[in-house]
Amino acid sequence: MKNGFVIFLSVATVLLLSWGALVLAPQMQLGGARQVPVLNSTDVYPLARPGTAAQGLQVYRANGCAACHTEQVQQDGVACDVVLLAAGKNPSAVSNLLATLKLTGLDEGSALSASDRIAAAGGKVETRIRATGSDIARGWGLRHSVAEDFLYDYPVALGSLRVGPDLADVGRRLPDPNWQLQHLYAPRSLVKGSVMPPFRYLFETRKIGAVPSPDALNLPAEFAPAVGYEVVPKPEAQQLVAYLMSLHTDVPLYNAPFTPPAPLKP
Amino acid sequence: MTVNESPSTTNIDASCRVPLLALFSGAALWLVVSSALAVLASLSFHMPGKFGDIPFLTYGRVQPAADDALLYGFCIPAGLGVLLWIFARLGQVPLRGGIVPVVAAHLWHLGVLAGVVGILAGESTGFTWLEFPRGAAALLFVAYLLLALWAFMNFTGRRAGGLFPSHWFFVAALFVFPWIYSVAQLLLIGAPVRGVVQSAVAWWYGGNLVFLWTSLIGLGAAFYFLPKFSGRPLHSYFYALFAFWTLLLFGSLSGIPAGAPLPAWMPALSALNSLLLIVPILAIAVIGWKTVMGGAVQTCKGGSYCMIKFGFVAFLLSALLLVAGACPQVSRITQFTWFSAAQTQLHLYGFLCITLFGAIYYILPRAVGRDFAFPRLIRLQHWCSMLGIFLLVVSLAAGGLLQGIKLHDAGAAFDDSTRAMLPFLRTSTMGLLLMLLANLLFALNLLTLLFLWHLSVIKTVVGAALAPLGKTGVKA
């Protein structure tokens, strides 16, 4: 390379290549993404987050929550379980058959053949699909995170480090807003030995007025304010919790299928 | 030196004096600020409850501020300063119109100030390595363009013919930053793209800046100084050309981590290119080995040569960590752990910062025409920075592996992974403290030099003003 122009051309070529592969191509593939149908349902996914939750994402951004929390549930694969719904007219044959068959953690083919054999014996079965992997086993989500989960977010806060647990499905996992508020104010009052910094500045400690605030936190004695004072969440804390409540990965999609847990029968 | 009016080396060095002082002194301050912020962030792991009432001291703001202060505050301006001087020396052309780079240096440091304050105030954009709010980003962009333009003009006006490997690496670095920064700012801040495309763009930017740009600058400097100190020519032109091309090609595609919620081909493409980085790493290792080994006897007593050699080895190690982390079997364990933070710190501080320290300790006394006030502290600084980065990287990498194994074990509670990591995080604070000390020593030497230079300028001016009128010809 004898002159600057050659260097310039070569650098420009490589940069264009890298831009084309990792900026232009993703934009062409995903930039026009729309809502997708939910499996076995007429619903579409995702819906835009409600207003306070969208504001909460900005609180999440401003305080750098993504420095310690990811929103990316990982999954190794899927497994099928065959579940007997009714024994049918020949229960003893079915139960004999069940004793000889492996019914959980199957791949698709063995699940099909098992359910065929039980059906042939007269039993009524259902094949359930579930995601597998350590994140799923820990209860962090029902499936892995997919691009659709973040369609309406700005900024997308995927995170890259798990000092704290993954939050992609925290709205389903820990659905109590009061728990969340207390955890933000004093993490160690709920999780022993937590290294999460307390976000006391998102709360106001004030003298109890004529009527105690209905929003005041119900804190254990060790963390409670002085007598006659109450701890009330500021709007930012409410918004942040609304955002956390809006985080769900519990909807089955074409590219991340699973069988939703059966609703409890009354 | 056949050209008649060929400027002397002293003239060339002197032409860089004021721009380099502006770039390096601000950079030294940011270096100290960055390590102070990093120590502060690390304290969260010793006493998480302490800063709960103070928004700008919360971990999620301090940690990115520390990272950005290191990369934007120190690495980029210091790297550009070294680049300006090496261009002027290699091309045998003094730096003309020095006022522009001086103004640009101040603009740059102002931009970093606005950015760091913005992050601490909660105005971060939320994208890794792009946290600076848009006003700060605009300042940085303008300042970089001015500095790059001046460096490029000096490059095109070079008197000595021929291009050296350092030239390729530096010219590439000059172009890479404005290109990736404008694309990322436009697509993430100006007219944001939808959904996870944002993450793809941010990762592309991060990979290109934190791995590629820094490698181009650090290796460009190493390929200038290693032959100079060892007394042997760079081995060889073709190895360097091969390393340059492959580094550029594979390094620019390596940003997207495994497991990202993107279509599978994107992480796969990045992992493949990260693995292929083993090719330029081997070539670069051969270059270093053949250039340094068996060279003229020039012992390094904790001086520039030592630092640049250390930085070179740190580059090889950090790049190998990057390659290892791209293997699917490894990335399954190391994803979402401190392992990648260890790699980034080794690359930014162990490789780039220490290489730049070595270069600056060599360049600045020549440019200012005055030795450092505390030459003994240079060796102490070198030891502190080496030990500090060693403690930091080893504790984060080992702890990260342990954390990853716990995270990957469905039977272990999540708290186990945090608890396993804590002793390592607390050890890493020791590393950060040593690095803070090293950075303070660096800043002390540099700012004392700046102060003494200011003093001598003032003395000269005052002396000229008070000189009897009869004698003309002011000696400045």
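Residues numbered from 1 in each chain as written. Chains lettered and ligands numbered in written order. Predicted model: local features only at pLDDT ≥ 70, side-chain atom pairs only at ≥ 80, totals over all residues. Heavy atoms only, no water.

## Some details on the overall build of chain A
And step 1. Secondary structure summary: chain A contains eight helices and six strands in total.
And step 2. In chain A, the succession of α and β elements from N to C terminus is α-β-β-α-β-α-α-β-α-α-α-β-β-α.
And step 3. By the compact-globule yardstick of 18 Å for 266 residues, chain A is too spread out, its C-alpha radius of gyration being 25 Å.
And step 4. For chain A, the spread of C-alpha atoms along the three principal axes comes to 80 × 70 × 35 Å.
And step 5. Considering chain A as a whole, with its 266 residues, one finds that 46% of them fall into the buried category. (Helix = DSSP H or I, 4+ residues; strand = E, 2+ residues; numbered from the N terminus. Rg over C-alpha atoms; globule rule 2.2 N^0.38 Å. Buried < 20%, exposed > 50% of the residue type's maximum accessible area, 1.4 Å probe, protein only.)

## Structural notes on the nonpolar core
And step 1. Formed by 186 residues in total, the largest nonpolar core has its most connected members in Y72, F74 and Y205 of chain B.
And step 2. Looking at which element gives the most residues to this core, the answer is helix α7 (residues 197-230) of chain B, with 22 residues.
And step 3. The residues contacting Y205 of chain B, other than those within four sequence positions of it, are Y72, W129, L130, F177, I180, Y181 and A184 of chain B.
And step 4. Counting 26 residues, the second-largest nonpolar core is a separate cluster that includes A157, L184, M196 and F199 of chain A. (Core = buried A, V, L, I, M, F, W, Y, C linked by side-chain atoms within 4.5 Å. Contact = heavy atoms within 4.5 Å.)

## Side note on unusual backbone geometry
Most peptide bonds adopt trans geometry, and most residues besides glycine take a negative phi value.
And step 1. Of note, the amide linkage connecting Y45 of chain A to P46 of chain A takes the cis form, showing an omega dihedral of -5 degrees.
And step 2. When you line up the elements, P46 of chain A lands in the loop between β2 (44-45) and α2 (51-62).
And step 3. For the bond from H235 of chain B to S236 of chain B, the omega torsion is -15 degrees, close enough to zero to count as cis.
And step 4. Counting through the fold element by element, S236 of chain B comes out in the loop between α7 and α8 (237-251).
And step 5. In the Ramachandran plot, N40 of chain A falls in the positive-phi region, its phi being about 55 degrees despite a non-glycine side chain.
And step 6. By secondary structure assignment, the location of N40 of chain A is in the loop between β1 (36-37) and β2.
And step 7. Note on N40 of chain A: relative accessible area 83%, which makes it exposed.
And step 8. A positive phi angle is found at F336 of chain B, which is not glycine, with a value near 65 degrees.

## Examining the domain arrangement of chain A
And step 1. For chain A, the assigned domains read domain 1 (36-73 + 138-245) and domain 2 (77-132).
And step 2. Put simply, the middle of domain 1 of chain A and the middle of domain 2 of chain A, counted by C-alpha atoms, are 40 Å apart. (Domains from an automatic or database assignment.)

## Re the pattern of salt bridges
And step 1. One pass over the full model with this rule turns up twelve salt bridges over all chains.
And step 2. For the salt bridge of R332 of chain B with D76 of chain A, the shortest nitrogen-to-oxygen distance reads 3.9 Å. Of this pair, R332 of chain B sits in helix α12 (residues 328-334) while D76 of chain A is found in the loop between α2 and β3 (77-86), placing the two residues in two different chains.
And step 3. Of the residues examined, R332 of chain B reaches a relative accessible area of 44% and is grouped as partly exposed.
And step 4. Overall, D76 of chain A belongs to the exposed group, its relative accessible area being 52%.
And step 5. R130 of chain A serves as the salt-bridge partner of D81 of chain A, at 2.7 Å between the closest nitrogen and oxygen. You can see D81 of chain A sitting in strand β3 and its partner R130 of chain A sitting in strand β4 (residues 124-132), a full 49 residues away along the chain.
And step 6. R130 of chain A gets classed as partly exposed once you look at its relative accessible area, which sits at 33%. (Salt bridge = Lys/Arg side-chain N within 4 Å of Asp/Glu carboxyl O.)

## Let's talk about the interface of chain B and chain A
And step 1. The interface of chain B with chain A comprises 81 residues on the first partner and 66 residues on the second.
And step 2. Note on chain B versus chain A: buried area summed over both sides is about 6,100 Å², and carbon and sulfur give 67% of it.
And step 3. Considering only the side of chain B, the residues that lose the most area to chain A are R194, F336 and F414 of chain B, jointly responsible for 12% of the buried surface there.
And step 4. For the interface between chain B and chain A, the tally reads 23 residue pairs in polar contact (both at pLDDT 80 or more).
And step 5. For the side of chain B that touches chain A, the secondary-structure elements that each account for two or more residues are α3 (59-91), α6 (165-190), α7, α8, α9 (265-276), α14 (375-408) and α15 (414-466) of chain B.
And step 6. Ranked by the residues each element gives to the side of chain B that touches chain A, the list is headed by α6 of chain B, at eleven residues.
And step 7. Of the residues belonging to the side of chain B that touches chain A, the class tally is 49 nonpolar, 22 polar and ten charged. (Buried area = accessible area lost by both parts, 1.4 Å probe. Polar contact = N/O pair within 3.5 Å; in protein donor to acceptor, adjacent residues only side chain to side chain. Nonpolar A, V, L, I, M, F, W, Y, C, P; charged D, E, K, R; others polar.)

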